[in-house]
Each structure stands twice: as C-alpha cells, then as structure tokens.
Amino acid sequence: MLSNTDLLNHIRQTTEMGRDGIDMVMEYAEYKPFRDALQDQKAEYSKLYRAADTMLRVRGGEPQELSAIARLSSELSSSMKTMRDHSTSKIAEMMIQGNTRGMTKSLQCLDQYSGEDKEVKALAEKLLRTEEANIEQMKPFL
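Residues numbered from 1 in each chain as written. Predicted model: local features only at pLDDT ≥ 70, side-chain atom pairs only at ≥ 80, totals over all residues. Heavy atoms only, no water.

Draft legend 1. Highlighting the overall build of the chain. Along the chain, the regular secondary structure elements total 5 helices and 0 strands. Relative to a compact globule of 142 residues, whose C-alpha radius of gyration would be 14 Å, the chain shows 15 Å and is just as compact. Dimensions of the chain, computed from the C-alpha atoms along their principal axes, are close to 45 × 30 × 25 Å. Buried residues in the chain amount to 43% of all 142 residues. In the chain, the proportion of contacts linking residues at least 24 apart, taken out of those at least 6 apart, comes to 82%. Carbon and sulfur atoms make up 52% of the accessible area of the chain, which totals about 7900 Å². Charge centroids of the chain, computed over 20 positive and 23 negative side chains, lie 1 Å from each other. (Helix = DSSP H or I, 4+ residues; strand = E, 2+ residues; numbered from the N terminus. Rg over C-alpha atoms; globule rule 2.2 N^0.38 Å. Buried < 20%, exposed > 50% of the residue type's maximum accessible area, 1.4 Å probe, protein only. Contact = heavy atoms within 4.5 Å. Areas by Shrake-Rupley, 256 points an atom, 1.4 Å probe, with all protein chains shown as cover. Lys, Arg positive; Asp, Glu negative; His and termini not counted. Charge placed at Lys NZ, Arg CZ, Asp CG, Glu CD.)

This is how it looks when you write it as structure tokens:
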C-alpha cells in the first residue's frame, strides 16, 4: 500500500517527467498553436509539481528525485523518435503516449493508496484529469 509520501512523490516525479518531455521536444514545435498547447501543459505540470512538493514537505515527507535511469531512458527515447520524425503529428503522438503511461501509473498508485488524506488524493485525481485533458488537447495535432 502507498502512503501519502509515496503518492506525493509519484505526483512530483510524474509531473517532472512531463515537464522534461515537453522541454525535449519544444525545439521542434514550430507550429504556434501546438507550441502554445505544450507550454500550457508544462505550466500545469509545474503547478502540480509545486503543490505536491509543498504538501510533501508540510507532511514531513522526504522528496525522492526522478531516477537518473528513468530520465536518461526518456531522453534517449525522445531523441531517437524525434530524429526520425519531428513533425507536429509525431510529437503529439509521443505526448499522448507519455500521458497515457502517466495515467496508467497514476491509476495504479491511487488504487494502492492507503492514506486518508483528502488533499493528497484530490491532487492525485487532479493529475489524472490533467493527463486526460492533455491527451484531448493533443488529438487535433495528430
């Protein structure tokens, strides 16, 4: 079962991965509406990250940084995919895949959450809604 600390660290790491992923493809996002959508998503991830970080620290939890292996794996994957095709459609597809993985992991974490902290649970649910909204926002760019 996951504790408050575990779930908040999951939120921190997921939003950090989202921001990093957006940063990795932003140089290829030449179409202004697409670029604006990515910037909006990055801003929302930053808000969620700060909220999770604050809640974690207030509750006396220890922040766990994103592993170097996860970060490197994501960077390599993004680099390889964008080297082959850095069209708006391909990047939108990559963003949808990333958000889908994030949603899957978030749903698993929520299912395993043993805490009763309504604020922590609400923040995790907000992350899920954000990831769903991000997917919907990317669909027109496919």
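Draft legend 2. Just the environment of Glu116, in detail. Topologically, Glu116 is positioned in the loop between α4 (88-112) and α5 (118-138). Measuring from C-alpha to C-alpha, the distance between Glu116 and Ser73 comes to 34 Å, with 43 residues separating the pair along the chain.

Draft legend 3. A look at the packing of helix α1 (residues 4-26) against α4. At a minimum axis distance of 11 Å, the contact between α1 and α4 shows a crossing angle of 175°. Regarding the angle of α1 to α4, the classification is roughly antiparallel. From α1, Leu7, His10, Gly21, Ile22 and Val25 reach across to α4, where they touch Ile91, Met94, Met95, Lys105, Ser106, Cys109 and Leu110. Among the residues making up the contact of α1 with α4, the classes are represented as 8 nonpolar, 3 polar and 1 charged. (Axes fitted to C-alpha atoms, helices over the stretch in contact; angles between N-to-C directions. Parallel < 35°, antiparallel > 145°, perpendicular 65-115°, else oblique. Nonpolar A, V, L, I, M, F, W, Y, C, P; charged D, E, K, R; others polar.)

Draft legend 4. View of the packing of α1 against helix α2 (residues 32-58). One can describe the packing of α1 onto α2 by two numbers: an axis separation of 8 Å at closest approach and a directional angle of 155°. The orientation of α1 with respect to α2, classified from their angle, is roughly antiparallel. Considering only the axes of α1 and α2, their crossing is left-handed. Here the residues of the contact of α1 with α2 sort into 12 nonpolar, 7 polar and 7 charged. (Left-handed = near helix turned anticlockwise from the far one by under 90°.)

Draft legend 5. The pattern of salt bridges, seen in detail. A complete count under the given rule lists 13 salt bridges for this structure. The residue Arg57 makes a salt bridge to Asp53 at a minimum N-O spacing of 2.9 Å. Within this pair, Arg57 and its partner Asp53 are both found in helix α2, separated by 4 residues, close to a single helical turn. The class for Arg57 is partly exposed, based on a relative accessible area of 49%. Because the salt bridges share partners, they merge into one network encompassing Arg12, Asp53, Arg57 and Glu65. (Salt bridge = Lys/Arg side-chain N within 4 Å of Asp/Glu carboxyl O.)

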